[in-house]
Amino acid sequence: MSIRHGLLALLESGPRYGSQLRTEFESRTGATWPLNVGQVYTTLNRLERDGMVVQDGEDDAGHALYVITDAGREELRNWFRSPVDRRSPPRDELAIKLAMAVGAPGIDIRDVIQSQRHHTVQAMQDYTRLKAQATDVSPDNRDDVAWLLVLEQLIFQTEAEARWLDHCEARLVRLSLMNTQKEKQRRKEQEGAADAAGDGTDGQIRPADPAPTGEKPSPASRVGLGRSRSR
Amino acid sequence: MPDQAPHPVLQLKDLTRVHGSGATEVHALRGINLDVFPGELVAVMGPSGSGKSTLLTIAGGLDTPTSGQVIVENTDLTTADRKQIAALRRRSIGYVFQDYNLIPALTAAENVALPRELDGTSARKARTEAVAALREMDLDSLADRFPDEMSGGQQQRVAIARALVGDRRLVLADEPTGALDSETGESVLALLRSRCDAGAAGVLVTHEPRFAAWADRVVFLRDGAVVDQTLRSQADSLLTGQAAER
Ligand SMILES: Nc1ncnc2c1ncn2[C@@H]1O[C@H](COP(=O)(O)OP(=O)(O)OP(=O)(O)O)[C@@H](O)[C@H]1O
Ligand SMILES: [Mg+2]
């Protein structure tokens, strides 16, 4: 996460002490990504090394005052101009977990999905409540507006995850239905082969039974055929 | 959330619903138990065909269960007579259908006023209330349009106004945000939420997690049964302490 650019952005409005930067960073992002003072100073040291900021005196307690340089301004403009790279995504624990749950012995992947969905939807409920409390923001309070944007990002992000989980479940239901149909067909073929014992191998693939009869259509059989939308 | 153990507005007890019979039998609901309290908004989620609409139509007295009980404001719909059910539907229950169901021969305002007029409110008063309800949905300028003169999203909002007009104790909404863009959908949810905060009980069926997240409780249906439900956290701090204090 770019603390570096966050600090540069704050310094663009004027010189700041390290502790000030930390407070402002947090109030702008609603303390969603808390920073410790150590991180702030490490980042400032690197920025100084790279010529993006310089020190300009210190207060009585010996804390340095930092000022953005022209190179720092240029770097910041570039950051705002360029998209955040999504093509080399960070490792996602949930994706890894689901990938590992496929076919894992003793694990019902639908349970894994549901427990995550439970958690994710609950997080969304909580974010949504925070958002409902945050909607009386004054449009000219930068911190309030920024906090609302960050909250909504969290809501949309968890929403994407919840939708993806729905999709995974629907896909798995559909795949397992395909499996049961294949299985049924295989059994039928075996029975057929047993009936015609001695008739040798034919290895012929019969077309899948188009409408398995005598089976109640389970409601789940409609899953995965896309959402029904009201117009 | 209920404070001092009030009585649920809606109670579903061991509800089952079987459609058809014999080989074509479908168990749309298999033993649902659900209480919805005054002030509570419950979202129902689940894959297509999991029984969400069936649950809602039964809760609204539009369909009868195969077994079990449906109690709305102390009236058991499974034993009440048709007149009692009709009165409850006019007076206490607001219903938004998945396909919004406006009456084509009536204008927006007339559609909204209809349940009130049927309930004996004078035509003038019903009209005034209807226009107020439309205003809440930013639709007062469309009061005299007919459904086929409005966009899908506008019709949807009229249907919502109709469900909320008067003093409904129970609001049942089946995908009310289906035809709406994200921002409008959100304003519909905010309105539903504020009705519930004012004391109504609400049940919202939706595929959209972002809208379900406005609820106090999210109930997950799968194959006609409740498989899980979430409450929102009791704790106020979710991000960090500081964030929640803001
Ligand atoms: N009148 C009917 N006759 C026979 N089967 C029905 C009838 N109505 C619903 N069903 C079946 O009952 C099951 C539940 O349907 P329901 O409409 O409640 O699903 P839903 O969860 O609302 O789905 P969606 O998200 O697609 O709206 C489905 O399998 C459906 O095919
Ligand atoms: Mg439905």
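Each remark here, short or long, concerns the structure printed above.
Only a predicted model underlies this, so the values are computations on that prediction, with no experimental measurement involved.

Conventions used here
Residues numbered from 1 in each chain as written. Chains lettered and ligands numbered in written order. Predicted model: local features only at pLDDT ≥ 70, side-chain atom pairs only at ≥ 80, totals over all residues. Heavy atoms only, no water. Helix = DSSP H or I, 4+ residues; strand = E, 2+ residues; numbered from the N terminus. Buried < 20%, exposed > 50% of the residue type's maximum accessible area, 1.4 Å probe, protein only. Contact = heavy atoms within 4.5 Å. Areas by Shrake-Rupley, 256 points an atom, 1.4 Å probe, with all protein chains shown as cover. Lys, Arg positive; Asp, Glu negative; His and termini not counted. Charge placed at Lys NZ, Arg CZ, Asp CG, Glu CD. Pairing = 2+ DSSP bridges. Near = heavy atom within 4 Å. Polar contact = N/O pair within 3.5 Å; in protein donor to acceptor, adjacent residues only side chain to side chain. Salt bridge = Lys/Arg side-chain N within 4 Å of Asp/Glu carboxyl O. Axes fitted to C-alpha atoms, helices over the stretch in contact; angles between N-to-C directions.

**Section: the overall build of chain B**
Moving on, step 1. The helix and strand inventory of chain B stands at 8 helices and 10 strands.
Moving on, step 2. A burial count over chain B gives 55% of its 246 residues as buried.
Moving on, step 3. In chain B, the share of contacts with a sequence separation of at least 24, taken over all contacts with a separation of at least 6, comes to 69%.
Moving on, step 4. Accessible area of chain B: about 10,200 Å², with a carbon and sulfur share of 47%.
Moving on, step 5. On chain B, the mean spot of the 26 positive side-chain charges and the mean spot of the 33 negative ones are 4 Å from each other.

**Some details on the pairing of strand S10 (residues 225–231) of chain B**
Residue and element names in this part refer to chain B.
Moving on, step 1. Two strands pair when backbone bridges link them, and strand S9 (residues 217–222) and S10 are joined in this way by 6 bridges, in the antiparallel orientation. Counted as the bridge partner of Arg217 is Leu231 from S10.
Moving on, step 2. In textbook terms, the turn of a hairpin is the stretch between consecutive antiparallel strands, and for S9 and S10 this stretch comprises 2 residues, one of which, Asp223, has a positive phi near 45°.

**Considering unusual backbone geometry**
Residue and element names in this part refer to chain B.
Moving on, step 1. Even without being glycine, Glu73 reaches a positive phi, approximately 45°.
Moving on, step 2. Positionally, Glu73 belongs in the loop between strand S4 (67–72) and strand S5 (75–76).
Moving on, step 3. For Glu73, a relative accessible area of 29% translates into the label partly exposed.
Moving on, step 4. Here Asn74, not a glycine, exhibits a phi torsion of approximately 70°, which is positive.

**Looking at the pairing of strand S3 (residues 64–68) of chain A**
All names here are of chain A.
Moving on, step 1. The element S3 is largely enclosed, with a buried count of 4 among its 5 residues.
Moving on, step 2. Pairing of strand S1 (residues 16–17) with S3 involves 2 bridges; the strand directions are antiparallel. Across the sheet, Tyr17 pairs through a bridge with Leu65, a residue of S3.
Moving on, step 3. Looking at chain direction, strand S2 (residues 53–58) and S3 are connected through 4 bridges and run antiparallel. Opposite Val53, over in S3, you have Ile68 as the bridge partner.
Moving on, step 4. What sits between S2 and S3 in their antiparallel hairpin is a turn of 5 residues, with Gly62 showing a positive phi close to 85°.

**So, helix H1 (residues 52–59) of chain B**
All names here are of chain B.
Moving on, step 1. Of all the 8 residues making up H1, 6 are buried; the element is thus mostly covered by neighbouring parts of the structure.
Moving on, step 2. Considered for burial, the residues of H1 that qualify are Lys52, Thr54, Leu55, Leu56, Ile58 and Ala59.
Moving on, step 3. Gly61 sits one or two residues past H1 and shows a positive phi near 75°.

**Considering the site of ligand 1**
Moving on, step 1. Close to ligand 1 lie 15 residues; Ser48, Gly49, Lys52, Ser53 and Thr54 of chain B are nearest.
Moving on, step 2. Residues close to ligand 1 are split across chains A and B.
Moving on, step 3. Between His19 of chain B and ligand 1, the recorded distance is 3.3 Å, taken from a side-chain N or O atom to a nitrogen atom.
Moving on, step 4. Between ligand 1 and the protein, one listed contact pairs an oxygen atom with a backbone N or O atom of Gly49 of chain B at 2.8 Å.
Moving on, step 5. When isolated, ligand 1 has an accessible area of 640 Å², and the protein chains bury 70% of it.

**Some details on the pattern of salt bridges**
When the charged atoms of two side chains lie near each other, side chains of opposite charge can form a pair.
Moving on, step 1. Summed over the entire model, instances satisfying the criterion amount to 30 salt bridges over all chains.
Moving on, step 2. Between Arg4 of chain A and Asp50 of chain A there is a salt bridge whose closest N-O contact spans 3.3 Å. Separated by 46 residues along the polypeptide, Arg4 of chain A in helix H1 (residues 3–11) and Asp50 of chain A in the loop between helix H3 (37–49) and S2 bring together distant segments of the chain.
Moving on, step 3. Its relative accessible area of 25% is what places Arg4 of chain A among the partly exposed residues.
Moving on, step 4. Here Asp50 of chain A falls in the partly exposed class, since its relative accessible area comes to 32%.
Moving on, step 5. Here Asp197 of chain B and Arg193 of chain B are joined by a salt bridge, their closest N and O atoms 2.9 Å apart. Here Arg193 of chain B and Asp197 of chain B lie together in helix H6 (residues 182–197), a separation of 4 residues that amounts to about one turn.
Moving on, step 6. On the basis of relative accessibility, which here comes to 55%, the residue Asp197 of chain B falls in the exposed class.
Moving on, step 7. Salt bridges here are not isolated pairs; linked through shared partners, they connect Lys131, Glu152, Glu159 and Arg163 of chain A together with Glu186, Glu208 and Arg210 of chain B.

**Let's talk about the sheet that holds strand S7 (residues 170–174) of chain B**
Moving on, step 1. Reading across the sheet, the 6 strands line up as S6-S7-S8-S3-S9-S10 (chain B) and stay open at both edges, with mixed pairing between neighbours. The sheet terminates laterally at strand S6 (93–96) and S10 of chain B, the two strands that pair on one side only. Direction aside, the axes of adjacent strands within the sheet are offset by 15° on average.
Moving on, step 2. Lying on the sheet, helix H6 (residues 109–134) of chain A is in contact with S9 and S10 of chain B; it crosses S10 of chain B at an angle near 35°.
Moving on, step 3. The sheet contacts of helix H5 (residues 152–164) of chain B involve S6 and S7 of chain B, and relative to S6 of chain B the element is tilted by about 170°.

**Examining the side chain of Asp228 of chain B**
Moving on, step 1. With respect to the element layout, Asp228 of chain B can be found in strand S10.
Moving on, step 2. Although buried, Asp228 of chain B forms no salt bridge, and the nearest oppositely charged side chain, Arg117 of chain A, lies 7.0 Å from it.
Moving on, step 3. Polar contacts involving the side chain of Asp228 of chain B include one to the side chain of Gln114 of chain A, which spans 2.8 Å.

**Focus: the sheet that holds S4 of chain B**
All names here are of chain B.
Moving on, step 1. Here 4 strands make up an open sheet; going across it, the order is S2-S1-S4-S5 and the pairing antiparallel. Each end of this open sheet is capped by a strand with a single partner; those strands are strand S2 (26–36) and S5.
Moving on, step 2. Of the strand pairs in this sheet, strand S1 (residues 10–19) and S4 are connected by 5 bridges, and their pairing is antiparallel. Note that in S4 the partner of Lys13 across the bridge is Gln69.
Moving on, step 3. Running over the sheet, H1 touches S1, S2 and S4 and is turned about 125° from S1.

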